[in-house]
Amino acid sequence: MAPPGTSRRRGRRGRRAAGRCAGLPLDALFEIMLRLPARDVCRLRAVCRSWRAVASDRAFVDAHASRHPGLYVAASFSDDDGGDESCGVDIVDLSSGDIVKTIYTDVSGSRVQRTRLDLVCLVEGPSPLDVTMLDPVTGATYIPAKSISADNEDLLSSGRLIMESCAFGKVPSTGEYKVVRLLGSGNPCELYECEIMTVNSAGALQWRAIQGPQLPVCSSNNMRSVVINGVAYFLLDYSRLYCSNDGLLIRPGNIVPFDLETEEWMGILNGPKPVARGRDMIVISSTLEIMEPLSLADLNGSLVMVHAVYGSPMDLWFLSDLEQGLWVKKYSIDFEYYNNNAYPLLLLDDEKIVFLLWGTNVLQSYDLKDDTYTDILVVPDFRSVGIYTGDLLSLEGGLN
C-alpha cells in the first residue's frame, strides 16, 4: 500500500526508480526512512534521485515530523572574527545541544522574540523599531517597507519613540502570521499607539495603525507577553496605572488579551487570586517589586502565569477557563537558584520542565519526579531565545 499522499502513478514510477537505485520498493523505502533520525534521512537524500524524491515528499516529511517530534530552539548570535562581524540565528536541537542549522542575516544586534512557531521574529537591531521575520527553511527575511505606519509617521519627529512591546503569532483559522506592537515615548502617563502587520511572502509588508489598549502593559520584557492559539496576552503594568487607570480597579496579574484574527482588544483577564492579593503589598513595598515576580509563558499550549517571589517556591498557574477566568496551580517548585532568575520555556511529556536561567544564560531541565536539574546548553543571550516548531527535514542542506 502506498504511503498517504502518494499517487498510484507516482508510486509505480517511484518503485521502478527505487528498484534501479537500490532494489527497494517505494513502500519499503518509505517505512525504513520513517524510522531513521532526520540527520540520517538528509544524508540518504544524496544517494540517488529516487531516494531524494521519497525523503523530500511532503507526505513523508509530515509523517516523519509526526513520528520524530523534535525540540528545537532559535537563538541569535553575533561573532566578531578579526573585525568581520557576522550575525544570524542558530537552530539548536535540545536533545543533543547540536546546532542543526545556522542562518546568517544582516540584521545586527537583533533579538529573537519569544515565540513558538516555524518562523522566527527578530526585534530591535539597528533601530529600536525594527521587526524582521525569518524563515529558517529558506533563509528569507521579511521586512516592512516602512518602519512605521503612515498614521504614526509624525511620531518619529519626537525622537523619543520606542517599541514598548511586541507579539508575533499565527491565526489558526486562516494560517496568517501577524505582528502586533505597542509604541510609546517612555512617558508612564501616556498610553501606547498600536500597530499591526500581516506577514506573507506576496507584496510589501506594511504596518497599520489600530486602536491601542486603554491601559498600559508591561514594556521591554518579552517574558510578559505571549501568543497562544491566535490570541496575544499582555501583562498589565500595575506600576503605571496610577497615571492612567481612570479609576478602574486593576490588580497585579491582570492581563489584556488581543485577538489576532479580529484585530480587537478583549476584556481584562484577571490573574490568579493569590497573585492579585499582592496589591495589598503596596503598603510595605514598591509596585516594581510586585511586578518583578510575574511573567507569562506558553507551556504545551496553555497560558501560564509564573509567580516567583524571592525566597518562596515558584508557582505555575495554568489558565483552565478563559471565559470564567479560572486558574489552576499545577506546580510549585523550589529552585537551587533565585526563583525570579528562571523562566519556564517548555513542559516536556516526561514531567520535565525546561527553564531559562537569566543570570547564566543556561537552558536547564528540571525533573519534577526526581527533583533534579540538568544543564542542557548555554545560549548567547537569555533574552533572545524562541521555540522553533518547523520540521527538521525542511531544513535541507542546513544540517552540519
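Bear in mind that the values here come from a model prediction, so they are computed numbers and not experimental data.

Draft legend 1. Seen up close, the overall build of the chain. The helix and strand tally for the chain stands at eight helices and 25 strands. Taken across its 400 residues, the chain has 49% of its residues classed as buried. A separation of at least 24 residues holds for 50% of the contacts in the chain among residues at least 6 apart in sequence. Surface exposure of the chain reaches about 19000 Å², of which carbon and sulfur atoms provide 48%.

Draft legend 2. Quick peek at helix H5 (residues 58–67). Among the residues of H5, Ala 59, Phe 60, Val 61 and His 64 are the ones counted as buried. Tucked into the core, H5 has its buried residues touching helix H2 (26–34), helix H3 (38–44) and helix H4 (49–56). A side-chain oxygen of the first residue of H5 lies 3.0 Å from the backbone nitrogen of Ala 59; this N-cap is Asp 57.

Draft legend 3. Just the sheet that holds strand S4 (residues 110–112), in detail. If you walk across this open sheet you meet the four strands as S4-S6-S7-S8, and the pairing is antiparallel. Sheet topology places S4 and strand S8 (141–142) at the edges, where each strand pairs with a single neighbour. Taken together, the three bridges between S4 and strand S6 (residues 120–124) define a ladder with antiparallel strand orientation. Residue Val 112 lies in a different strand from S6, and its bridge partner there is Leu 122.

Draft legend 4. Spotlight on the pattern of salt bridges. Evaluated as defined, the whole model comprises ten salt bridges. Two residues, Arg 111 and Glu 124, come together in a salt bridge whose shortest N-O distance is 3.1 Å. Of this pair, Arg 111 sits in strand S4 while Glu 124 sits in strand S6, and the two are 13 residues apart along the sequence. Residue classification places Arg 111 among the buried residues on the basis of a relative accessible area of 11%.

Draft legend 5. Summary view of the sheet that holds strand S15 (residues 255–259). Within the open sheet, the four strands sit side by side as S13-S14-S15-S16. Their pairing is antiparallel. Among the strands making up the open sheet, the edge pair consists of strand S13 (225–228) and strand S16 (264–265).

Draft legend 6. How the structure looks around the packing of H2 against H5. In the contact formed by H2 and H5, the axes pass within 10 Å of each other and the chain directions differ by 35°. Judged by the sense of rotation from one axis to the other, the crossing of H2 with H5 is right-handed. For the pair H2 and H5, contact is made by Phe 30, Met 33 and Leu 34 and by Phe 60, Ala 63, His 64 and Arg 67, respectively. Its residues assigned to classes, the contact of H2 with H5 comprises five nonpolar, one polar and one charged.

Draft legend 7. Geometry of the packing of aromatic side chains. Going through the model one piece at a time under the given rule, you end up with eight aromatic pairs. With a centroid separation of 5.7 Å and 10° between ring planes, the pair formed by Trp 358 and Phe 382 is classed as stacked. One end of the pair, Trp 358, is in the loop between strand S22 (352–357) and strand S23 (362–367); the other, Phe 382, is in the loop between strand S24 (372–378) and strand S25 (385–388), with 24 residues separating them in the sequence. One aromatic cluster in this structure is built from Phe 234, Phe 258 and Trp 265. It is Arg 181 that lies over the ring of Trp 207; its NZ or CZ is 3.8 Å from the centre. The positively charged end of Lys 330 is found above the aromatic ring belonging to Phe 318, 4.7 Å away from the centroid.

Draft legend 8. Focus on the state of the cysteines. Scanning all chains against the criterion turns up zero disulfides. A disulfide-free cysteine, Cys 121 has its sulfur positioned 4.8 Å from the sulfur of Cys 166, the nearest such atom. Cys 121 gets classed as buried once you look at its relative accessible area, which sits at 0%.

Draft legend 9. A look at H2. All of the buried residues in H2 are Leu 26, Asp 27, Leu 29, Phe 30, Met 33 and Leu 34. What you see down the axis of H2 is that its buried residues fit within an arc of 165°, all on one side.

Draft legend 10. Here's a closer look at the nonpolar core. Core analysis: the largest hydrophobic core is formed by 33 residues, its most contacted members being Val 73, Leu 316, Phe 355 and Leu 363. Contributions of two or more residues to this core are made by strand S1 (72–81), strand S17 (294–299), strand S18 (302–308), strand S19 (314–321), strand S21 (342–347), S22, S23 and S25. Residues within four places of Leu 316 in sequence aside, it is in contact with Leu 299, Val 304, Met 305, Val 306, Val 328, Lys 329, Lys 330, Tyr 331, Ile 333, Pro 344 and Ile 353. Ranked by size, the runner-up nonpolar core spans 27 residues in total, among them Val 100, Ile 103, Val 120 and Leu 122.

Draft legend 11. The arrangement of unusual backbone geometry in detail. Phi is positive for Asn 229, which is not a glycine, with a value near 50°. At Asn 300, a residue that is not glycine, the phi angle is positive and equals roughly 55°. Relative to the helices and strands, Asn 300 is located in the loop between S17 and S18.

Draft legend 12. Representation of the pairing of S13 in the model. By the alternation rule, side chains of S13 split into Ser 225 and Val 227 and Val 226 and Ile 228, which are all buried. When S13 meets strand S14 (residues 231–235), the two strands line up antiparallel, connected through four bridges. Across the sheet, Val 227 pairs through a bridge with Ala 232, a residue of S14. Following S13, the chain reverses through two residues before pairing antiparallel with S14; Asn 229 in that reversal takes a positive phi of roughly 50°.

Draft legend 13. Summary view of the packing of H2 against H4. Orientation of H2 relative to H4, taken along the N-to-C sense of each, is 60°, at an axis distance of 10 Å. Viewed along their axes, H2 and H4 adopt a mutual orientation that is oblique. At the point where H2 passes H4, the crossing takes the right-handed sense. Residues Leu 26, Leu 29, Phe 30 and Met 33 of H2 lie in contact with H4, whose contacting residues are Trp 51, Val 54 and Ala 55. When grouped by side-chain class, the residues that make up the contact of H2 with H4 number seven nonpolar, no polar and no charged.

Cut-offs applied
- Residues numbered from 1 in each chain as written.
- Predicted model: local features only at pLDDT ≥ 70, side-chain atom pairs only at ≥ 80, totals over all residues.
- Heavy atoms only, no water.
- Helix = DSSP H or I, 4+ residues; strand = E, 2+ residues; numbered from the N terminus.
- Buried < 20%, exposed > 50% of the residue type's maximum accessible area, 1.4 Å probe, protein only.
- Contact = heavy atoms within 4.5 Å.
- Areas by Shrake-Rupley, 256 points an atom, 1.4 Å probe, with all protein chains shown as cover.
- Polar contact = N/O pair within 3.5 Å; in protein donor to acceptor, adjacent residues only side chain to side chain.
- Pairing = 2+ DSSP bridges.
- Salt bridge = Lys/Arg side-chain N within 4 Å of Asp/Glu carboxyl O.
- Axes fitted to C-alpha atoms, helices over the stretch in contact; angles between N-to-C directions.
- Left-handed = near helix turned anticlockwise from the far one by under 90°.
- Nonpolar A, V, L, I, M, F, W, Y, C, P; charged D, E, K, R; others polar.
- Phe/Tyr/Trp six-rings, centres within 6.5 Å; stacked < 30°, edge-to-face > 60°.
- Lys NZ or Arg CZ within 6 Å of the ring centre and 35° of its normal.
- Disulfide = S-S within 2.5 Å.
- Arc of directions from axis to C-beta.
- Core = buried A, V, L, I, M, F, W, Y, C linked by side-chain atoms within 4.5 Å.
- Parallel < 35°, antiparallel > 145°, perpendicular 65-115°, else oblique.

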